[in-house]
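# Summary of the model geometry
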Amino acid sequence: MEFTPEVKIATDPIYQKISKVMPEIEWSIHAPYIHRINQLKKEKNAIILAHNYQTPEIYHGIANVAADSLALAIEASKTEADIIVMAGVHFMAETSKLMSPEKKVLLPDMAAGCSLSSSITGKDVRLLKEKYPGVPVVSYVNTSADVKAETDICCTSANAVKIVESLGVKKIIFLPDDYLAKYVAAQTKVEIIAWKGICMVHDQFTEKEIHDIRAKNPGIKIIAHPECPPDVIKASDFAGSTGGMIKYVKDNQPKKVMMVTECSMSDNIQVENPNVEFIRPCNLCPHMKKITLPKILDCLENETGEIIMDKETIEKARIPVERMVAIGR
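Below is a summary of the structure that appears in this document. (Residues numbered from 1 in each chain as written. Predicted model: local features only at pLDDT ≥ 70, side-chain atom pairs only at ≥ 80, totals over all residues. Heavy atoms only, no water.)

## Topic: the overall build of the chain
Across its full length, the chain carries 15 helices and 12 strands. For the chain, whose C-alpha radius of gyration is 20 Å, the value lies close to the compact-globule estimate of 20 Å for 329 residues. Within the chain, the proportion of its 329 residues that are buried is 56%. Taking all contacts inside the chain whose residues are at least 6 apart in sequence as the whole, residues at least 24 apart take part in 62%. For the chain, the exposed surface amounts to about 14100 Å²; the carbon and sulfur share of it is 52%. (Helix = DSSP H or I, 4+ residues; strand = E, 2+ residues; numbered from the N terminus. Rg over C-alpha atoms; globule rule 2.2 N^0.38 Å. Buried < 20%, exposed > 50% of the residue type's maximum accessible area, 1.4 Å probe, protein only. Contact = heavy atoms within 4.5 Å. Areas by Shrake-Rupley, 256 points an atom, 1.4 Å probe, with all protein chains shown as cover.)

## Describing the side chain of Asn-268
Mapped onto the elements of the fold, Asn-268 is located in helix H13 (residues 264–272). For Asn-268, a relative accessible area of 0% translates into the label buried. Looking at Asn-268, its side chain comes within polar contact range of the main-chain oxygen of Asn-52, at 3.2 Å. Asn-268 has contacts with Asn-52, Gln-54, Thr-55, Pro-56, Tyr-59 and His-60, leaving out every residue within four places of it along the chain. (Polar contact = N/O pair within 3.5 Å; in protein donor to acceptor, adjacent residues only side chain to side chain.)

## A word on the sheet that holds strand E11 (residues 256–260)
What the 4 strands build is an open sheet, ordered E10-E9-E11-E12; its pairing is parallel. Bordering the open sheet on either side are strand E10 (238–239) and strand E12 (277–279), each of which pairs with just one other strand. Judged from the 4 bridges that link them, strand E9 (residues 221–224) and E11 form a sheet pairing that is parallel. Following the sheet pairing, Ile-222 is matched in E11 by Met-258. (Pairing = 2+ DSSP bridges.)

## Quick word on the packing of helix H4 (residues 69–78) against helix H5 (residues 90–99)
A pair of packed helices is captured by two measures, namely the crossing angle of their axes and the spacing between those axes. Interaxial distance between H4 and H5 falls to 8 Å at its minimum, and their mutual angle equals 35 degrees. When you trace H4 past H5, the crossing you get is right-handed. For the pair H4 and H5, contact is made by Ser-69, Ala-73, Ala-76 and Ser-77 and by Phe-91, Met-92, Thr-95, Ser-96 and Met-99, respectively. Among the residues forming the contact of H4 with H5, the class breakdown is 5 nonpolar, 4 polar and no charged. (Axes fitted to C-alpha atoms, helices over the stretch in contact; angles between N-to-C directions. Left-handed = near helix turned anticlockwise from the far one by under 90°. Nonpolar A, V, L, I, M, F, W, Y, C, P; charged D, E, K, R; others polar.)

## Observations regarding the sheet that holds strand E7 (residues 171–175)
Read across the open sheet, the 4 strands follow the order E6-E5-E7-E8; overall the sheet is parallel. Only two strands of the sheet have a single partner each, and these edge strands are strand E6 (153–155) and strand E8 (191–194). Across the sheet, the mean angle separating the axes of adjacent strands is 30 degrees when strand polarity is ignored. Here 3 bridges tie strand E5 (residues 137–140) to E6, and the two strands are oriented parallel to one another. Looking at E6, one finds that Ser-139 is bridged to Cys-154. Set on the sheet, helix H9 (residues 178–185) makes contact with E5, E7 and E8; between it and E8 the angle comes to about 175 degrees.

## A word on the nonpolar core
Ranked by internal contacts, the top residues of the largest apolar core, which has 105 residues, are Phe-174, Val-184, Met-258, Val-260 and Ile-296. Sequence-distant contacts of Ile-296, that is, excluding residues within four places in its chain, are made with Ile-37, Ile-48, Ile-58, Ile-62, Val-85, Ala-87, Pro-108 and Ile-291. Within the second largest apolar cluster, 9 residues are counted, among which are Ile-120, Val-125, Val-135 and Val-147. (Core = buried A, V, L, I, M, F, W, Y, C linked by side-chain atoms within 4.5 Å.)

## Observations concerning the pairing of E8
Inspection of the sheet shows E7 paired to E8 by 4 bridges, in the parallel sense. Of the residues in E8, the one forming a bridge with Lys-171 is Glu-191. In this region the chain leaves E7, passes through H9 and returns to the parallel neighbour E8; the handedness of that crossover is right-handed. (Right-handed = clockwise from strand over helix to strand, strands pointing away.)

Written as structure tokens, this is what we have:
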């Protein structure tokens, strides 16, 4: 695709916004795709929902909504668009379909998975429920529809503690993230029966890395995602969901910050907080990075990668997500 004068004029306001995190030569490659995708959205009454881990050209260039998993689920339930394109991973596209089953939901790369989601199946949950009869199941939103269909209520990292305590019980099954389960257990008296799943991105961070960053950057604020190991969270100044991390930076405007999470978060939030210096020892999510502008364009043009689920699964799996949304943050 060509970077024509027309494309340059149409996309220049977007580039001016992200120029600090993207060289102009790179922008000339992205801009034609952004221009065409934004045209197609209007032509097809489509909306693009993008997770916070998407790259700046997607996050700032084409997303109608760029947010954390909870906000994307809520937006999927409210949209009047005919087509939802999920710039995220497979479980997020499934969640959009659960919330708007009458809509056409598309995923630009069907291989964009998640280590947490793939760590557990619906059969695993059924076996857990047999082992612990009557104990409510709280599933992280990072799970398949098959798992959600066996779940009492979903949660995100933004509201996990609130969701667990809302049930008014002494014991729950929490899955699949073991580190998030430990994070929740430290903040509630409810007994947590955890699954041993991990996020392959956040598991790579270490306590030593946090201390080394502090030593090299006096006064830095380090903020971590609850999917990180407990010692990493303990060594950090703040722990919260992707949305919570963004709010922390926006509200506190630290001179220097490190976000202990997926790489693209720092680039995206740098754009909106130009006075904050971001230190970027971070890890890439290989699944999120499968979503690219060319794939989004092809997906939208040809309406490929449609999420198809049977009616029974949709009806069963939607209930715990709706319960989560009703409780909110």
